[in-house]
Every structure is written in C-alpha cells, then in structure tokens.
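Below, each chain spelled out in residue letters.
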Amino acid sequence: MSYRTDGGGLAFKCGDIKLQGGGSSWATKLSQLGRQKGCLRIITYSLPNIDFIKRVFGKRPENIFIIANPEASSVQRRAEAIKEEFPNIRIALNRKIHSKVVLIEPRTVMVSSANFGKSGWHETTVSFHSKKAHDYYVGHEFDRWWDISDEVYKSVREAHKECTKSVQEVSR
C-alpha cells in the first residue's frame, strides 16, 4: 500500500532518511548550523535554557523562528531571555503547540518526540532531506501556526529600559 497526498498530509518519496535513538541530542543534530544559510524553524512544546541556546545558536543567531507553548514550564521567561541575548531570533507562543519539528532550509525536516533542548528521556527523531516535504510543512503547518501565535517582541527588562529612556528624554 502506498500513501497518498490528501487533507491529512503529503505523500512523498525520500532516499535520505535517518532514524535516531536516544544517543543524539539537538545540539549534535544542529552542530553544523553555522555553515547553513537557510532559515531555521522550530516548533516545540517547551524552550531550553539560555545556555543551551547560546551553545547551539551562538555562531548564527539569525534567520531563526521558534514557536513554543506558553503553558510549558518557564517558557515566557526563557523566551524573554532568548530575545534579550539574541534579538534577531523570532519567537512566538501558542497554547495549542505540542509537536516537535525542526525545519532547516532548503530541505531538512526533523520530527521528534523530544522538545527542543536537553532531554533526560529516551527520545526518537526521524530526520530526512526532502525539499518537497520541507516546503510543504513550512507552507501548510509552520506558517499557519506562526500567523495565529503571539510573537514575543522583547523582554520585560528591554521594554523597561526603553520606557525609562523615553521618560528621561521627555523630562529634559
């Protein structure tokens, strides 16, 4: 039996697939990110701490879009910390997000049981290279969820600095 493209998803053929078990972390999977120029899109339930973000994104902190769930532990605080350290990383929050998907232009798709970050659990990830699958998921899922999510524009501390600055300018 062959899969068919329908309202439930895209059927595609792919000759480059990797099934990864518990021994491969997100940091390892994304270790070559600094060499890639395309957009990185992440959908994850929770967010990792800022030290993990610095280690993974420090070499290339732009063209990164993350959607996470604000109901997960510390997500709002971590999103603000990421924005403060890396203002070009775009983060949006949506209470309906639970999937774990990483998309790297132009053709990498990773679907995992693991949230983005470190995990102490046994996790499994399926990674494959397919421009057709990448572009389908970006257009049919990621963009749609991004559009209905609430973007985190700046940290509270950053907003406070701007507010204080404008008050000082007005009082001059």
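A short tour of the structure in this document, coming up. (Residues numbered from 1 in each chain as written. Predicted model: local features only at pLDDT ≥ 70, side-chain atom pairs only at ≥ 80, totals over all residues. Heavy atoms only, no water.)

## Observations regarding the nonpolar core
Move 1: Ranked by internal contacts, the top residues of the largest apolar core, which has 26 residues, are Phe57, Ile66, Ile89, Ile91, Val102 and Phe116.
Move 2: Of all the elements in the fold, those that place two or more residues in this core are β2 (40-43), α2 (50-57), β3 (64-68), α3 (75-85), β4 (90-93) and β5 (101-104).
Move 3: Top element by residues in this core is α2. It accounts for four residues.
Move 4: What phenylalanine 116 contacts, discounting residues up to four positions off in sequence, is Trp26, Leu30, Ile42, Thr44, Ser46, Leu47, Pro48, Phe52, Ile53, Val56 and Phe57.
Move 5: Counting 15 residues, the second-largest nonpolar core is a separate cluster that includes Ile67, Val101, Val109 and Trp146. (Core = buried A, V, L, I, M, F, W, Y, C linked by side-chain atoms within 4.5 Å. Buried < 20%, exposed > 50% of the residue type's maximum accessible area, 1.4 Å probe, protein only. Helix = DSSP H or I, 4+ residues; strand = E, 2+ residues; numbered from the N terminus. Contact = heavy atoms within 4.5 Å.)

## Some thoughts on the packing of aromatic side chains
Move 1: Taken as a whole and judged by the stated rule, the model has five aromatic pairs.
Move 2: Arranged with centres 5.4 Å apart and planes meeting at 80°, the rings of phenylalanine 65 and tryptophan 146 form a pair that is edge-to-face. Remark: tryptophan 146 occurs in helix α4 (residues 131-147) and phenylalanine 65 occurs in strand β3; sequence separation between them is 81 residues.
Move 3: When the ring of phenylalanine 142 is compared with that of tryptophan 146, the centres are 6.1 Å apart and the planes differ by 15°; the resulting orientation is stacked. Taken together, the positions of phenylalanine 142 and tryptophan 146, both in helix α4 and four residues apart, correspond to about one turn of that helix. This pair shows no difference in class: phenylalanine 142 is buried, exactly as tryptophan 146 is.
Move 4: Linked through ring pairs, Phe52, Phe57 and Phe116 together constitute an aromatic cluster.
Move 5: When the ring centre of phenylalanine 142 is taken as reference, the NZ or CZ atom of arginine 41 above it lies at 6.0 Å. (Phe/Tyr/Trp six-rings, centres within 6.5 Å; stacked < 30°, edge-to-face > 60°. Lys NZ or Arg CZ within 6 Å of the ring centre and 35° of its normal.)

## Side note on the sheet that holds β2
Move 1: What the eight strands build is an open sheet, ordered β1-β7-β6-β5-β2-β3-β4-β8; its pairing is mixed. Either end of the sheet is taken by a strand with one partner, and the two such strands are β1 (17-20) and β8 (150-152). Here the average twist between neighbouring strands, direction ignored, is 15°.
Move 2: Sheet topology places strand β6 (residues 108-112) next to strand β7 (residues 125-129); five bridges connect them, and they run antiparallel. Its bridge partner being in β7, valine 111 is matched across the sheet by valine 126.
Move 3: Seen against the sheet, α3 touches β3, β4 and β8 and runs at an angle of roughly 165° to β4.
Move 4: Along the sheet, α4 contacts β2, β3, β4, β5, β6, β7 and β8; its crossing angle with β2, the most-contacted strand, is approximately 60°. (Pairing = 2+ DSSP bridges. Axes fitted to C-alpha atoms, helices over the stretch in contact; angles between N-to-C directions.)

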